[in-house]
Amino acid sequence: MNSVDLAEDQRLLLLEDYGIVDTPPEPEFERITTLARRLFDVEVAFVGLITRDRQWLKSVQGMDLRETPRDISFCSHAVRSKNLLIVPDAAEDDRFAANPLVTGPPEIRFYAAAPLINKTGACLGTLCILDRKPRTLSETEIQTLQDLAAVVMDAMELRLAQRQLEEQGLRNTNSLTGSIFATLPGRVAVIDAEGTIVAVNRGWNEKTRGGRSLSPGPGVGANYLESYWNATREGSLEAATVLAGIKSVLSGVSNEFVTEYSSSDRQGDGWYKLMAQSLGVTKGALVSQIDITDRRAANAEARRLRAELAHVTRVTLLGELTASIAHELNQPLAAILSNAQAAQRFLAMNPPDLEEVRAILRDIVTDDQRAGAVIRGLRAMLTKEKPKFEVLDLNQVITDVLRVVRAEVVTHRAELVLKLPDTLPAVHGNRGQLQQVLLNLIMNALDAMDGRRKRGRITVRAAAHSPEEVEVEVADCGMGIKPDHLPSLFDAFFTTKKKGMGMGLPICRSILETHGGRISAYNNADKGATFCFTLPSIQ
Amino acid sequence: MTPPLNPMTPPLDQTMPPPDPDPLILVVDDDDSVRRGVARLLRSAGYRTEMFDSAGAFLRRARPDEPTCLILDVQLPDLTGMELQERMARSSSFLPIVFITGHGDIPMSVRAMKAGAVDFLSKPFNDSDLLEAIERALRKSRKYRASIVCRHETFRRLASLTPREREVLDRVVQGMLNKQIADELGTVEKTIKVHRRRVMDKMGVSSVAELVRMIERAAYALSE
């Protein structure tokens, strides 16, 4: 009948949902059949599930059989009736007397089955007890058998619920990682141990703004490393580096590899950041590639602007020193002119005083060199070329600055005390920028001491307290730094001066940072403040 | 005509001071090169020079007695040139100054000139400018020396007057007539005439106008 068949179809689908048929034995069910066999003192106890064409045993005690064809199974009767079925002696029962399970092994005589009915009322199978000798069940035993069948059903429900939860979780995890992977920026690929591309993200086929396509082009199935192999064979050192890096991750030598490299194609030069991350036990790697051309260009632009700003403030600073610089140049020039004109007179004498003229010429040479040194000291600060880093002697840098600032110190009625060791470890840096820092600190020190009645004193000290760095201090005996100004001292646009942009110290800090050094300030115990900066020394 | 009681005192103009000793140029500059250069230039022009590297070193030197010019750097480590100028003015020691400066600063030069500087030269300067300024300074110095000699002579002559003659002189210089002076001093006009004659002789002047000028010059020299 159709209606029956429909109910049977639904029952079969339901059974399929439980996903229990053809699964290995599980302790929950073993425990129940063992218990049933012992409780009823029977030879065989099992949990049987009726599929379309067979009876499959989830758990069985006392028999090797795991399944039987459905048409010879006793249980299909119970399943069909959804009722408890008790056959005290099968040989005496017309329904089963001819059953091969009765006539042959296991030669069943006694059979009792309690249906496994789930909450929708469908019967999925039975809990069965069998014996080779006829017997009956008391009312209590019947009740116990039915209770045990209910326990089996509970175990099946619990099992189903757990399975559903796990599936849900798995599905969630998979979809989460999947969408993260898909939406990763740049071009991301999962590659196996040989470099074959297993999966790619959505960005794989996108082009960058400039129309630049990120290499490598091929998609899933192609070898990720191939384009790098080709470029390496063409002699690209960068491709070789990338290749070696990815291979070290694939072979498990390192866990990750990160590099930035440039690559030229028809569209122009591009910069890329490549990261390869080991996938661990799975073997293979996640390789991502991001176009950082714009970022690098922005960084380069920022560096250029910083250098520009430093140059502008340096020139401004020197502008404030024009009088002092003029003075430093005019002194030797005055000496040269006076000497030269004196020489003309000595030569015009009769007889000419050649001894004087010789002495004059010696002095002129010295004075000319002195003027030249002032110019040389300034040139590094005035140059607008790309900052050149070179090996520098800080003693020399300091001396050059003092030559420029000397007259300014005298104008401020101050004196400058220099405490330099005979030799200092060399540093790597840009002469003009470091001179700017010193000049800035000395000018600040002079400003800090203005308006004092006592004669100001600036102490410039340099020392190498450790083999790693050289330290330079500029100490004044001025008004010191207000404690609440200390934290913002190096912030841009922070100034306490009437005419000042507040760019001096921030630029000093920026310069020192690009030199791998640092700058700090503190108030002296007695009076005034000390600015101290360090630079890494070349060992 | 009453014969003079004293041999005639010569007029002041004719009492020539002793011939000037060689002029002396003092140079104060803290820059060795500049000092050496200027010293050579001055030597080549035939001047005697003395060099000082600070205001302090200069101030420790005794005031020169000969015609002197001071060449002063504006920017000295201990005192500025201006401060040194002010200090000398206060101690009323007169020394004509030629300022030299490494960075010409107009307000500063105006201030220095107002305070009596002879010149204000920016380094580097031409020898002719410096030597010309020095000559002007030395003329000033010689004139001052001469005025000092006149003043000393005037005071010497004033000191030779009797108290009575001094009383008469004071009133003559104020422009009083003999009769008025006689009335005031309680004597007769004739006696005053005799005193007046003696005063004119002792002071070496032949007119009241000359006497007044002589006294004024002495007073002016004092104030300079």
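Parameters at a glance
- Residues numbered from 1 in each chain as written.
- Chains lettered and ligands numbered in written order.
- Predicted model: local features only at pLDDT ≥ 70, side-chain atom pairs only at ≥ 80, totals over all residues.
- Heavy atoms only, no water.
- Helix = DSSP H or I, 4+ residues; strand = E, 2+ residues; numbered from the N terminus.
- Buried < 20%, exposed > 50% of the residue type's maximum accessible area, 1.4 Å probe, protein only.
- Contact = heavy atoms within 4.5 Å.
- Phe/Tyr/Trp six-rings, centres within 6.5 Å; stacked < 30°, edge-to-face > 60°.
- Core = buried A, V, L, I, M, F, W, Y, C linked by side-chain atoms within 4.5 Å.
- Pairing = 2+ DSSP bridges.
- Axes fitted to C-alpha atoms, helices over the stretch in contact; angles between N-to-C directions.
- 1 Å grid on protein atoms, 1.4 Å probe; cavity = no way out; pocket = protein on both sides within 12 Å on 5 of 7 lines; lining within 4 Å.
- Points joined across faces, edges and corners; volume = space filled by probe spheres on them.
- Nonpolar A, V, L, I, M, F, W, Y, C, P; charged D, E, K, R; others polar.

Visitor: When you look at the side chain of Asp476(A) in this model, what are you seeing that I'm missing?
Guide: Residues and elements named next belong to chain A. Here Asp-476 shows up in the loop between strand S16 (469-475) and helix H13 (504-514). On the accessibility criterion, Asp-476 (7% relative accessible area) is buried. Beyond its immediate sequence surroundings of up to four residues, Asp-476 is in contact with Ala-445, Ala-448, Met-449, Arg-457, Asn-524, Lys-527, Gly-528 and Ala-529.

Visitor: Would you explain the packing of aromatic side chains in this entry?
Guide: Where two aromatic rings form a pair, the distance of their centres and the angle of their planes describe that pair. Residues and elements named next belong to chain A. Inspection of the entire model under this criterion finds six aromatic pairs over all chains. Plain terms: the ring middles of Tyr-228 and Tyr-261 are 6.4 Å apart, the flat faces sit at 75° to each other, and that makes the pair edge-to-face. With Tyr-228 in helix H6 (residues 226-233) and Tyr-261 in strand S9 (residues 256-265), this residue pair connects regions lying 33 residues apart in the sequence. A relative accessible area of 6% means that Tyr-261 is categorised as buried. Site record: aromatic cluster; members linked through ring pairs are Tyr-224, Tyr-228, Tyr-261 and Tyr-272.

Visitor: Sorry if this is basic, but what is going on with the nonpolar core here?
Guide: In a soluble, globular protein the nonpolar side chains are often hidden away together inside. All names here are of chain A. Membership of the largest hydrophobic core comes to 53 residues, with the highest contact counts inside it found for Leu-394 and Phe-533. If you tally residues by element for this core, the top one is helix H12 (residues 431-449), at ten residues. If sequence neighbours within four positions are ignored, Phe-533 has contacts with Val-437, Leu-438, Leu-441, Val-470, Glu-471, Val-472, Leu-512, Arg-518 and Ile-519. Formed by 31 residues, the second largest nonpolar core is a distinct cluster that contains Ile-32, Ala-45, Leu-127 and Leu-137.

Visitor: What am I meant to see in the sheet that holds strand S17 (residues 518-523) of chain A here?
Guide: Hydrogen bonds along the backbone pair up the strands of a sheet, which may run parallel or antiparallel. Residues and elements named next belong to chain A. Spatially, the five strands line up as an open sheet ordered S13-S15-S16-S18-S17, and their pairing is mixed. Every other strand in the sheet has two partners, leaving strand S13 (414-419) and S17 as the edge strands with one partner each. Averaged over all adjacent pairs, the angle separating strand axes in this sheet is 15°, with direction ignored. Alignment of S16 against strand S18 (residues 529-536), held across seven bridges, turns out to be antiparallel. In the strand pairing of S18, Glu-469 is matched with Pro-536. Strand contacts of helix H11 (residues 394-411): S13, strand S15 (456-466), S16 and S18, with the helix running at about 170° to S13, the strand carrying the most contacts.

Visitor: Please explain unusual backbone geometry as it appears in this structure.
Guide: The general pattern is negative phi for most residues beyond glycine and trans for most peptide bonds. Cis geometry marks the peptide bond from Asn350(A) to Pro351(A); its omega dihedral reads 0°. The residue after Lys123(B), namely Pro124(B), is reached through a cis peptide bond having omega -5°. Considering the arrangement of structural elements, one finds Pro124(B) in the loop between strand S5 (119-122) and helix H5 (127-159). Not every positive phi belongs to a glycine, and Asp41(A) is a case in point at roughly 55°. Residue class for Asp41(A) comes out exposed when judged on its relative accessible area of 61%. A positive phi angle, near 60°, is found at Arg413(A), a position not held by glycine. Tracing the backbone shows Arg413(A) in the loop between H11 and S13.

Visitor: What's the story with empty space enclosed by the protein in this structure? I'm lost.
Guide: The rolling of a water-molecule-sized probe over the atoms marks out the regions of remaining empty space. Residue and element names in this part refer to chain A. All told, the structure shown has one cavity of 30 Å³ or more when counted by the stated rule. The computed volume of the largest cavity comes to approximately 120 Å³. Taken together, 15 residues make up the lining of the largest cavity; nearest its centre are Phe-46, Gln-55, Leu-101, Ile-108 and Leu-130. Split by residue class, the lining of the largest cavity holds eleven nonpolar, three polar and one charged.

Visitor: I keep staring at the sheet that holds strand S1 (residues 24-28) of chain B and nothing clicks. Help me out?
Guide: Residues and elements named next belong to chain B. Read across the open sheet, the five strands follow the order S2-S1-S3-S4-S5; overall the sheet is parallel. Two strands lie at the open edges of the sheet, namely strand S2 (48-52) and S5, each paired on one side alone. Mean inter-strand twist for the sheet, computed between neighbouring axes without regard to direction, equals 20°. Two strands pair when backbone bridges link them, and strand S3 (residues 68-73) and strand S4 (residues 97-101) are joined in this way by four bridges, in the parallel orientation. Residue pairing across strands places Asp-73 opposite Ile-100, the latter belonging to S4. Along the sheet, helix H4 (residues 106-114) makes contact with S4 and S5, crossing S5 at roughly 155°.

Visitor: Sorry if this is basic, but what is going on with the pairing of strand S7 (residues 187-191) of chain A here?
Guide: Each regular strand shows side chains that alternate between the opposite faces of the sheet. Residues and elements named next belong to chain A. Counted residue by residue, S7 has five buried out of five residues, so it is predominantly covered. Of the two faces of S7, both are covered, the one formed by Arg-187, Ala-189 and Ile-191 as well as the one formed by Val-188 and Val-190. Where S7 and strand S11 (residues 285-291) come together, five bridges link them in antiparallel fashion. Across the sheet, Ile-191 pairs through a bridge with Ala-285, a residue of S11. Here S7 pairs with strand S8 (residues 197-200) via three bridges, running antiparallel. Its bridge partner lying in S8, Val-190 is registered against Ala-199. In sequence, S7 turns back onto S8 through a hairpin of five residues, with Gly-195 there showing a positive phi of about 100°.

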